[in-house]
Amino acid sequence: MRVTHAICRRPGASVADGLTTVDEGRPDPERTCAQFDAYVAALRALGATVDVLDPLDDHPDAHYVEDVAVITPDAVVLTRPGAPQRRAEVEAIAGDLAARAPVIPLPGDGTLDGGDVLRLGDTFYVGRSARTDAAGAAAFAALVHERDFACVEVPVPAGLHLKSSVNALDDETVILTADFADAPAFAALRRLVVASEETYAACALRVNDGVIVPAGSPRTRAGIEALGLAVHEVDTSEFRKTDGGLTCLSLRFGTI
Ligand code: CIR
């Protein structure tokens with residue numbers, strides 16, 4: 001997909017209160033914003049027009065916009081995040097998304113986080129994680145089946161979301177952690193397995209001719225460059241403290 005446009009949300013003053021499963025300290029608001037600015041600059045350098053929405057200080061995880069919506073070619077699916085504290089973020093962004101595409105609320109009462117939804121070509125992979133339940137995954141599958149996409153459920157035994165551990169480098173290639181290297185869902189794809197000391201770098205984000213990669217991941221960088229792709233490093237130290245990666249900081253629109 002050619003990414004033409006992205007929507008991001010500036011981190012707010014309350015980022016230190018974000019949900020987390022890791023014990024790496026609390027994010028510093030100023031440093032978080034500086035890292036966010038570098039991320040937006042990387043998206044722009046790779047050719048995306050980026051809209052930056054205002055912070056939502058009452059919602060410390062609201063800059064992780066990817067979790068509240070899933071982009072399909074003809075519509076945006078509004079999710080129902082698995083963490084109840086994050087549900088109000090959906091309504092807060094719905095108008096901004098509706099300005100770009102028709103929006104469809106996820107039917108039913110299941111939960112789905114956008115961080116669990118990975119698209120490669122005409123297939124959506126949906127992680128069954130602590131955040132995305134069976135009903136949410138099934139409701140999403142029904143929506144994309146109507147649009148002639150395949151939909152494959154993937155158990156998420158490690159990491160917060162599927163995309164904490166598996167991401168697309170192109171329609172035939174995934175970058176992923178060893179935990180997912182033998183997952184049947186990805187067996188037919190080319191797989192770049194990140195080194196055990198760089199598992200976080202599996203959150204790498206392909207955008208047009210380049211890949212945004214967490215700074216300090218030299219082996220991952222070399223593996224991606226060996227595929228002929230340009231690497232843009234961004235410091236993610238503050239996002240890591242609340243389980244955030246690179247894909248989760250934007251919602252990306254484009255042409256197939
Ligand atoms: C959360 O627990 O929901 C946030 N602290 C992190 C969300 C990261 N989102 C993502 O990787 N898609």
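Up top is the structure these notes are about.
From a predicted model like this one, the values you see are computed outputs, not experimental measurements.

Trainee: Whenever I open this one, the overall build of the protein chain confuses me. Can you help?
Mentor: Helices and strands together make up the secondary structure of the protein chain, namely 5 helices and 15 strands. Across its three principal axes, the protein chain shows a C-alpha extent of roughly 45 × 45 × 35 Å. Within the protein chain, the fraction of its 256 residues that count as buried is 55%. Partitioning the intrachain contacts of the protein chain with sequence separation of at least 6 by distance along the chain shows that 69% fall at a separation of at least 24. Taken as a whole, the protein chain presents about 10,500 Å² of accessible surface, with 50% of it coming from carbon and sulfur. For the protein chain, the separation between the mean place of its 23 positive charges and that of its 38 negative charges on side chains is 2 Å.

Trainee: Looking at this model, I keep getting lost on empty space enclosed by the protein. Mind explaining?
Mentor: One way to see where empty space is left: roll a probe the size of a water molecule over the atoms. Tallying each qualifying case throughout the model produces 1 cavity of 30 Å³ or more. Its boundaries defined by the atoms lining it, the largest cavity holds a volume of some 30 Å³. If you go around the largest cavity, the residues you meet are Arg9, Leu56, Ala62, Val65, Val68, Glu89 and Ile93. The residue makeup of the lining of the largest cavity, split by class, is 5 nonpolar, no polar and 2 charged.

Trainee: Even after reading the chapter, I still don't get the pairing of strand β14 (residues 230-234), so can you show me in this structure?
Mentor: Sheet faces and side chains relate simply in a regular strand, where the side chains alternate between the two faces. As judged from the 5 bridges shared by strand β13 (residues 210-214) and β14, these two strands associate in the parallel manner. Each residue of the ladder has a partner; that of Val211, found in β14, is Val231. Remark: the β13/helix α4 (residues 218-225)/β14 crossover connection has right-handed handedness.

Trainee: For this particular structure, what's the right way to read the pairing of strand β10 (residues 173-176)?
Mentor: Residue alternation in β10 divides its side chains into two sets, Thr173 and Ile175 and Val174 and Leu176, and both sets are buried. Relative to β10, strand β9 (residues 166-170) runs antiparallel, the two sharing 4 bridges. Paired with Asp170 across the bridge in β10 is Thr173. Counting the residues that bridge the hairpin from β9 to β10 gives 2 residues.

Trainee: Got a minute to help me understand the state of the cysteines in this structure?
Mentor: Disulfides are covalent bonds that connect the sulfur atoms of two cysteines. Counted according to the given criterion, the structure contains 0 disulfides. Left unpaired, Cys33 is separated from the closest cysteine sulfur, that of Cys8, by 12 Å. Cys33 gets classed as buried once you look at its relative accessible area, which sits at 18%. Note on Cys248: no disulfide assigned, nearest cysteine sulfur contributed by Cys203 at a separation of 7.3 Å.

Trainee: I tried to follow the environment of Leu160 on my own but got confused; where do I start?
Mentor: Along the chain, Leu160 turns up in the loop between β8 (150-155) and β9. Distance in space between the C-alpha atoms of Leu160 and Pro81 is 13 Å, their sequence separation being 79 residues. Those residues in contact with Leu160 that lie beyond four places of it in its chain are Asp116, Ser129, Arg131 and Asp243.

Trainee: I keep staring at helix α1 (residues 29-45) and nothing clicks. Help me out?
Mentor: The α-helix winds at 3.6 residues per turn, so residues separated by three or four positions along the chain end up facing the same way. The end-to-end C-alpha distance of α1 is 24 Å, a good match for the 24 Å that 17 residues give at a rise of 1.5 Å each. All of the buried residues along α1 are Thr32, Cys33, Gln35, Phe36, Tyr39, Val40, Ala42 and Leu43. Count one or two residues on from α1 and you reach Gly47, which has phi positive near 105°.

Calculation rules
- Residues numbered from 1 in each chain as written.
- Predicted model: local features only at pLDDT ≥ 70, side-chain atom pairs only at ≥ 80, totals over all residues.
- Heavy atoms only, no water.
- Helix = DSSP H or I, 4+ residues; strand = E, 2+ residues; numbered from the N terminus.
- Buried < 20%, exposed > 50% of the residue type's maximum accessible area, 1.4 Å probe, protein only.
- Contact = heavy atoms within 4.5 Å.
- Areas by Shrake-Rupley, 256 points an atom, 1.4 Å probe, with all protein chains shown as cover.
- Lys, Arg positive; Asp, Glu negative; His and termini not counted.
- Charge placed at Lys NZ, Arg CZ, Asp CG, Glu CD.
- 1 Å grid on protein atoms, 1.4 Å probe; cavity = no way out; pocket = protein on both sides within 12 Å on 5 of 7 lines; lining within 4 Å.
- Points joined across faces, edges and corners; volume = space filled by probe spheres on them.
- Nonpolar A, V, L, I, M, F, W, Y, C, P; charged D, E, K, R; others polar.
- Pairing = 2+ DSSP bridges.
- Right-handed = clockwise from strand over helix to strand, strands pointing away.
- Disulfide = S-S within 2.5 Å.
- Expected span 1.5 Å × (residues − 1).

Geometric descriptors of this kind do not, in isolation, establish any biological role.
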